[in-house]
Amino acid sequence: MIKAVVGANWGDEGKGKITDTLAEQADYIVRFQGGANAGHTIVNDYGKFALHTLPSGVFYQHTVNVIGNGVALNLPILTNEIKSIVDKGVPMPKIAVSDRAQIVMSYHILLDKYEEERLGKNSYGSTKSGIAPFYSDKFAKIGFQVSELFDDEILKEKVKKICTLKNVIIENLYHKEPLKEEDLMEELHQYRDMVAPYACDTAAMLYEADRQGKTILLEGQLGTLKDPDHGIYPMVTSSSTLAGYGAIGAGVPPYAIRQVVTVCKAYSSAVGAGEFVSEIFGDEADELRRRGGDGGEFGATTGRPRRMGWFDCVASRYGCRLQGTTDVAFTVLDVLGYLDEIPVCVGYEIDGKVTDEFPTTSSLAKAKPVYEVLPGWKCEIRGIKEYDSLPENCRRYIEFIESRLGYPITMVSNGPGRKDIIYRTSSLS
Ligand code: GDP
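Residues numbered from 1 in each chain as written. Predicted model: local features only at pLDDT ≥ 70, side-chain atom pairs only at ≥ 80, totals over all residues. Heavy atoms only, no water.

Turning our eyes to something else, we now look at the overall build of the protein. When you go through the protein residue by residue, the secondary structure sums to 12 helices and 21 strands. For the protein, whose C-alpha radius of gyration is 22 Å, the value lies close to the compact-globule estimate of 22 Å for 429 residues. The buried share among the 429 residues of the protein stands at 57%. Excluding contacts between residues fewer than 6 apart, the proportion of contacts in the protein whose partners are at least 24 apart in sequence is 75%. Averaging the locations of the 48 positively and 58 negatively charged side chains of the protein gives two centres separated by 1 Å. (Helix = DSSP H or I, 4+ residues; strand = E, 2+ residues; numbered from the N terminus. Rg over C-alpha atoms; globule rule 2.2 N^0.38 Å. Buried < 20%, exposed > 50% of the residue type's maximum accessible area, 1.4 Å probe, protein only. Contact = heavy atoms within 4.5 Å. Lys, Arg positive; Asp, Glu negative; His and termini not counted. Charge placed at Lys NZ, Arg CZ, Asp CG, Glu CD.)

Set out below in structure tokens:
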């Protein structure tokens, strides 16, 4: 059984917490896209962790944690992350890295930084992790695959080619120090040694596991609205964030993905630039940011304050549809307990017309939110285990949003911990 856990929105919906919770019943946890540019925050018995590259199953002994071929593999970050969790008392997890995954090189990170600097106020708000230059090179067919690290002849030839190509830009556009062939070879040798214990044919491993009836969780990064095809292009990430891409980025059959758990947060947040129709500002946003998530809505990778907004049914319904949602996990609901009234964005007004269809980016820029205001529940809901024990207005909020989404909310997360989860049978299931 293969399941995907993915985001409906701009990311930071709480996928890490849901994956960590579902991982208890899983055998394999697989990252299939993205890199160390976003982070999952996980709170469990060992403490609080921000994972950027490791799959969220690393806290269990019974899981194999797979970095699939679709990932932008940053080996120094992977190595440090393994060390940091082991240093905090987590037993060494089982890790497998696809021998077809490609490697984020130091020059990808430099080029990301140089380009953001050059763009100045028009920058993309990149985390400068090298992700866009990495995927550009992958599709321009000049990336380094893990398997190639073990062949010095291939490396030498490619390094030469890379230096010729990249130095034209580095010297003439950015006016920075050129790359040196010997430095890149040295870097690649270090990466070879770092990845050697984990590298294998992970697609074959997952095929076998699926045949044996094991449970495999595909863990997405960011969310639908950051997908390069279906998101708010160009303010998107550089690899597909959709469950469908899990088939490619993990190397599993598309029809084998039977369950798609799309994570929606009970309000909105976004990092980086780009359209965000239900965004709020000033004191209202500051208060939600301060109370949000687990200790405030600040980026797990960058520490940047996240942009805040009310729940957006238009964007989330679209987000769920593109993911192929079978289940919605509705998260961080406990945070809203302080509000007397809660606005929910139910439509966009564009050129005087109201729509509930999510438009392309150029129309989105003109969209104004249409709100419906729901009553708050004004109490703490953490610790509640049964759906029927939630306050009536809280259930109304969930059911209102579920009806607007058109997808069953089968999990409600009412706290950051593993056990803060309420399973529910939806009439839409
Ligand atoms: P991800 O990238 O989708 O995994 O999301 P992040 O980890 O960036 O952001 C989610 C934040 O919300 C983290 O700080 C989580 O610990 C926290 N979180 C997840 N679920 C809940 C919840 O139900 N309630 C509260 N209060 N915090 C939650």
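For the rest of this paragraph, the subject is a negative patch on the surface. On the surface, a cluster of negative charge is contributed by Glu 181, Glu 182, Asp 183 and Glu 186. As for its placement among the helices and strands, Glu 182 is situated in helix 6 (residues 181-195). (Patch = residues over 30% accessible without salt bridge, like charges linked within 9 Å, V, L, I, M, F, W, Y side chains within 5 Å. Areas by Shrake-Rupley, 256 points an atom, 1.4 Å probe, with all protein chains shown as cover. Salt bridge = Lys/Arg side-chain N within 4 Å of Asp/Glu carboxyl O.)

Here we come to the side chain of Thr 331. With respect to the helices and strands, Thr 331 occurs in strand 16 (residues 327-331). The contacts of Thr 331, once residues within four sequence positions are left out, are Glu 13, Ile 18, Val 263, Cys 264, Lys 265, Ala 266 and Ser 413.

So, on to the packing of aromatic side chains. Going through the model one piece at a time under the given rule, you end up with 9 aromatic pairs. Centroid distance Tyr 114 to Tyr 174: 5.5 Å. Interplanar angle 50 degrees. Geometry classified as tilted. Of this pair, Tyr 114 sits in helix 3 (residues 106-119) while Tyr 174 sits in the loop between helix 5 (152-172) and helix 6; the two residues are 60 residues apart in sequence, bridging distant segments of the chain. The interplanar angle of 40 degrees and the centroid separation of 6.2 Å between the aromatic rings of Phe 330 and Tyr 397 together place this pair among those described as tilted. Of this pair, Phe 330 sits in strand 16 while Tyr 397 sits in helix 12 (residues 392-405), placing them 67 residues apart in sequence. Three or more aromatic residues joined by ring pairs make a cluster, and in this case those are Phe 311, Phe 330, Trp 377 and Tyr 397. (Phe/Tyr/Trp six-rings, centres within 6.5 Å; stacked < 30°, edge-to-face > 60°.)

The domains assigned to the protein are domain 1 (2-79 + 204-423) and domain 2 (102-195). A straight line from the C-alpha centre of domain 1 to that of domain 2 covers 31 Å. In this assembly, 24 residues from domain 1 lie in contact with 19 residues from domain 2. Overall, the association of domain 1 and domain 2 removes approximately 1,600 Å² of surface from exposure, summing both partners, and the carbon and sulfur fraction of that is 62%. Among the residues domain 1 hides against domain 2, the three largest losses belong to Leu 73, Leu 75 and Ser 238. Together they make up 31% of the total. Taken together, the connections running from domain 1 to domain 2 amount to 0 salt bridges. The set of elements that each furnish at least two residues to the side of domain 1 that touches domain 2 consists of strand 6 (72-73) and helix 2 (75-87). Of the residues in the side of domain 1 that touches domain 2, the class split is 10 nonpolar, 13 polar and 1 charged. (Domains from an automatic or database assignment. Buried area = accessible area lost by both parts, 1.4 Å probe. Nonpolar A, V, L, I, M, F, W, Y, C, P; charged D, E, K, R; others polar.)

Quick look at the site of the ligand now. Residues in contact with the ligand amount to 20 residues; listed here are only the nearest, Gly 16, His 40, Thr 41, Asp 334 and Ser 413. Contact between the ligand and Glu 13: an oxygen atom at 3.1 Å from a main-chain N or O atom of the residue. In the environment of the ligand, an oxygen atom lies 2.5 Å from a nitrogen or oxygen atom belonging to the side chain of Ser 413. When isolated, the ligand has an accessible area of 590 Å², and the protein chains bury 98% of it. Of all the secondary-structure elements, those providing two or more residues to the shell around the ligand are helix 1 (15-22) and strand 3 (40-44). Sort the elements by how many residues they give to the shell around the ligand and helix 1 lands first, with 3 residues. (Near = heavy atom within 4 Å. Polar contact = N/O pair within 3.5 Å; in protein donor to acceptor, adjacent residues only side chain to side chain.)

Turning our attention to helix 12. The terminal C-alpha atoms of helix 12, which comprises 14 residues, lie 20 Å apart, in line with the 20 Å expected from a rise of 1.5 Å per residue. In the stretch just after helix 12, Gly 406 is the one whose phi turns positive, near 80 degrees. (Expected span 1.5 Å × (residues − 1).)

Relative to the 18 Å expected for 13 residues at 1.5 Å per residue, helix 2 spans 18 Å between its end C-alpha atoms, a close match to the ideal helical length. By the N-cap criterion, in which a side-chain oxygen at the helix start approaches the backbone nitrogen of a residue two or three places on, helix 2 is capped by Asn 74, the distance to Ile 77 being 3.1 Å.

With that settled, the discussion passes to unusual backbone geometry. Excluding glycine, residues mostly have negative phi values, and the peptide bonds linking residues are mostly trans. Cis peptide bonds are those with omega within 30 degrees of zero, and the linkage from Tyr 233 to Pro 234 qualifies with 10 degrees. Note that Pro 234 resides in the loop between strand 10 (216-219) and helix 8 (243-250). The phi torsion at Leu 222 lies on the positive side, around 60 degrees, for a residue other than glycine. Mapped onto the elements of the fold, Leu 222 is located in the loop between strand 10 and helix 8. Notably, Asp 351 is not glycine yet its phi reads approximately 50 degrees, a positive angle.

Read across the sheet, 3 strands follow the order 12-14-13 without closing on themselves; strand pairing throughout is antiparallel. With one partner strand each, in any of the chains shown, strand 12 (268-270) and strand 13 (279-280) form the two edges of the open sheet. Relative to strand 14 (residues 307-309), strand 13 runs antiparallel, the two being bridged by 2 bridges. Across the sheet, the residue bridging to Ile 280 is Met 308, located in strand 14. (Pairing = 2+ DSSP bridges.)

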